[in-house]
Amino acid sequence: ASAGIGDADCSPGVRCRTLAALAAAYEREKHDAEFVRRQLPMRIDELLLTEIGCSFEHSLCELICHSASKAAGGSDSEAALAARGTLLEAAGCAATALEGLEARLNARSGVACGEYVTPLDDTSRGKLLGDFAEQLAAGVAAAVPRILRMATQVGAVELRDEANRQLPCMRESWESIVQCKTQITDLFLDNDEVAMERQNFLFREAVELMEVEEGLPELGASELPDVIKFLSVAIQSYPPTCSHRMRAMSRLNALLCPEEQPEMGELEQVWRSLAEKVLTIVAEAKLEVTAEPLLDSIAASKVDSDISDGEW
């Protein structure tokens, strides 16, 4: 977020920032909002494999805990059968995790890779799935010696107690990843609203600065391009009936065509140039918007005419 937007270091009636400073802050806000809009989905994608991996480890530990609890209450032969069944179910946990990743990748056209988004095609999806399958296979292989301890009643009791201690930690790890993704998603969804609120604040401050009665605020010729861009973009972001837009347009018109013709010093010339260029940009943009339906209508009429003439 841009610094200084909520600053209250100056007394009422004192100009805290120049128009050029407001223009710079407005540009920073737009840049920051776009940066967040671009980067946060990447951060979410980077957690995808970690989330599914943690989910797999939690499911595997939960399976071992449940099976060991059942084996601990039976005979050694029942415990051996439980161990054999758990080995097969462990492979099922890996298959479920792999299917989950495949479904998510199939729903995407790209995935984050470092600071960039890599387009996904059949080849890249296959490589991601293959690499993740190897990780899952390693996880199942590492669990096999633990599961075999379940083959006796004594081993099953020890494994049950061990898994019961590990399960809360694994659940916390998995939930922390999910919570992190949720927080990033919330931040992404709030980003545009917060950015718009801050940009509105800056524009309102600029309008109030333009309306001061004790003389024109300082504005250098070198600052004109940035201020012109700021005001023209900000004004066009509001509907014509918005009070702040109307106030800004009224003030710019008054600067361009004052009721009294004062002596034109350097500052007055800069402000008049600002008013002329901003009003021109806004007027041209309005003409383009107004012209679009007319052009579409003309094009449609031309098509109808061609069809009636038998050219199609």
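That block above? That's the structure.
Residues numbered from 1 in each chain as written. Predicted model: local features only at pLDDT ≥ 70, side-chain atom pairs only at ≥ 80, totals over all residues. Heavy atoms only, no water.

Student: Report on the overall build of the protein, specifying residues and quantitative values.
Tutor: If you tally the helices and strands in the protein, you get eight helices and two strands. In sequence order, the secondary structure elements of the protein are arranged as α-α-α-β-β-α-α-α-α-α. By the burial criterion, 34% of the 312 residues in the protein qualify as buried. Here the contacts in the protein between residues at least 6 apart in sequence split such that 80% fall between residues at least 24 apart. Accessible surface, the protein as shown: approximately 18,500 Å² in total, 57% of it carbon and sulfur. (Helix = DSSP H or I, 4+ residues; strand = E, 2+ residues; numbered from the N terminus. Buried < 20%, exposed > 50% of the residue type's maximum accessible area, 1.4 Å probe, protein only. Contact = heavy atoms within 4.5 Å. Areas by Shrake-Rupley, 256 points an atom, 1.4 Å probe, with all protein chains shown as cover.)

Student: Explain the side chain of Ser67 to me, using residue names and the numbers behind them.
Tutor: With respect to the helices, strands and loops of the structure, Ser67 is situated in helix H2 (residues 48-72). On the basis of relative accessibility, which here comes to 8%, the residue Ser67 falls in the buried class. Not counting chain neighbours up to four residues away, the residues in contact with Ser67 comprise Ala82, Thr86 and Met150.

Student: Provide a residue-level description of the nonpolar core, including the pertinent values.
Tutor: Counting residues in each nonpolar core, the largest one holds 33 residues, and the members touching the most others are Leu19, Phe230, Leu231 and Leu274. Counting only elements with at least two residues in this core, the list comes to helix H1 (19-46), helix H5 (153-210), helix H6 (224-236), helix H7 (243-256) and helix H8 (266-308). Apart from the residues within four sequence positions on either side, Leu274 is in contact with Leu19, Leu219, Leu224, Val227, Ile228 and Leu231. In terms of nonpolar packing, the next biggest core, distinct from the first, is built from 32 residues, Phe56, Leu129, Val140 and Leu167 among them. (Core = buried A, V, L, I, M, F, W, Y, C linked by side-chain atoms within 4.5 Å.)

Student: Run through the pattern of salt bridges, naming residues and quoting values.
Tutor: Using the criterion set out here, one finds 14 salt bridges in the structure. Between Lys229 and Glu27 there is a salt bridge whose closest N-O contact spans 3.6 Å. Here Lys229 is found in helix H6, whereas its partner Glu27 is found in helix H1, with 202 residues between them in sequence. (Salt bridge = Lys/Arg side-chain N within 4 Å of Asp/Glu carboxyl O.)

Student: Kindly report on the packing of aromatic side chains, identifying the contributing residues and their values.
Tutor: Geometrically, a pair of aromatic rings is defined through the distance of the ring centres and the angle of the planes. All told, the structure shown has two aromatic pairs when counted by the stated rule. The interplanar angle of 50° and the centroid separation of 4.9 Å between the aromatic rings of Tyr26 and Phe230 together place this pair among those described as tilted. Taken as a pair, Tyr26 in helix H1 and Phe230 in helix H6 lie far apart in primary sequence, 204 residues in all. Using a relative accessible area of 4% as the deciding quantity, one classes Tyr26 as buried. (Phe/Tyr/Trp six-rings, centres within 6.5 Å; stacked < 30°, edge-to-face > 60°.)

Student: If you had to explain the packing of H2 against H5 to someone new, which residues and values would you point to?
Tutor: For the pair H2 and H5, the least separation of the axes is 7 Å and the interaxial angle reads 155°. Classed by the angle they form, the pair H2 and H5 counts as roughly antiparallel. As H2 runs across H5, the sense of the crossing is left-handed. Per-class residue counts for the contact of H2 with H5 are 16 nonpolar, eight polar and six charged. (Axes fitted to C-alpha atoms, helices over the stretch in contact; angles between N-to-C directions. Parallel < 35°, antiparallel > 145°, perpendicular 65-115°, else oblique. Left-handed = near helix turned anticlockwise from the far one by under 90°. Nonpolar A, V, L, I, M, F, W, Y, C, P; charged D, E, K, R; others polar.)

Student: Summarise the side chain of Asp45; cite the residues concerned and give the values.
Tutor: By secondary structure assignment, the location of Asp45 is in helix H1. The residues touching Asp45, leaving out its near neighbours within four places in the chain, are Arg108, Gly110, Val111 and Ala112.

Student: How would you explain the environment of Leu101 if you had to name every residue and give the values?
Tutor: With respect to the element layout, Leu101 can be found in helix H3 (residues 76-106). Residue Leu101 is classed as buried on the basis of its relative accessible area of 1%. The residues contacting Leu101, other than those within four sequence positions of it, are Leu48, Leu49, Ile52, Leu128, Leu129 and Phe132.

Student: Account for H7, with residues named and values stated.
Tutor: Note on helix geometry: an α-helix contains 3.6 residues per turn, so any two residues three or four positions apart are oriented the same way. Between its first and last C-alpha atoms H7 spans 20 Å; for 14 residues at 1.5 Å apiece the expected length is 20 Å, and the two agree. Buried within H7 are the following residues: His244, Arg245, Ala248, Leu252, Leu255 and Leu256. Looking down the long axis of H7, one finds its buried residues gathered within 105° of arc, a one-sided arrangement. (Expected span 1.5 Å × (residues − 1). Arc of directions from axis to C-beta.)

Student: Describe in detail the environment of Arg198, supporting the description with residues and values.
Tutor: Of note, Arg198 is situated in helix H5. Each C-alpha atom of the pair Arg198 and Ala25 lies 9.5 Å from the other, and the pair is 173 residues apart in sequence.

Student: Requested: an account of the environment of Val140, with residues and values cited.
Tutor: Along the chain, Val140 falls in helix H4 (residues 122-148). Looking at Val140, the relative accessible area reads 15%, which means it is buried. Spatially, the C-alpha atoms of Val140 and Glu57 are 9.3 Å apart, while their sequence positions differ by 83 residues. Leave out the neighbours within four places in its chain, and Val140 touches Phe56, Ala90 and Ala94.

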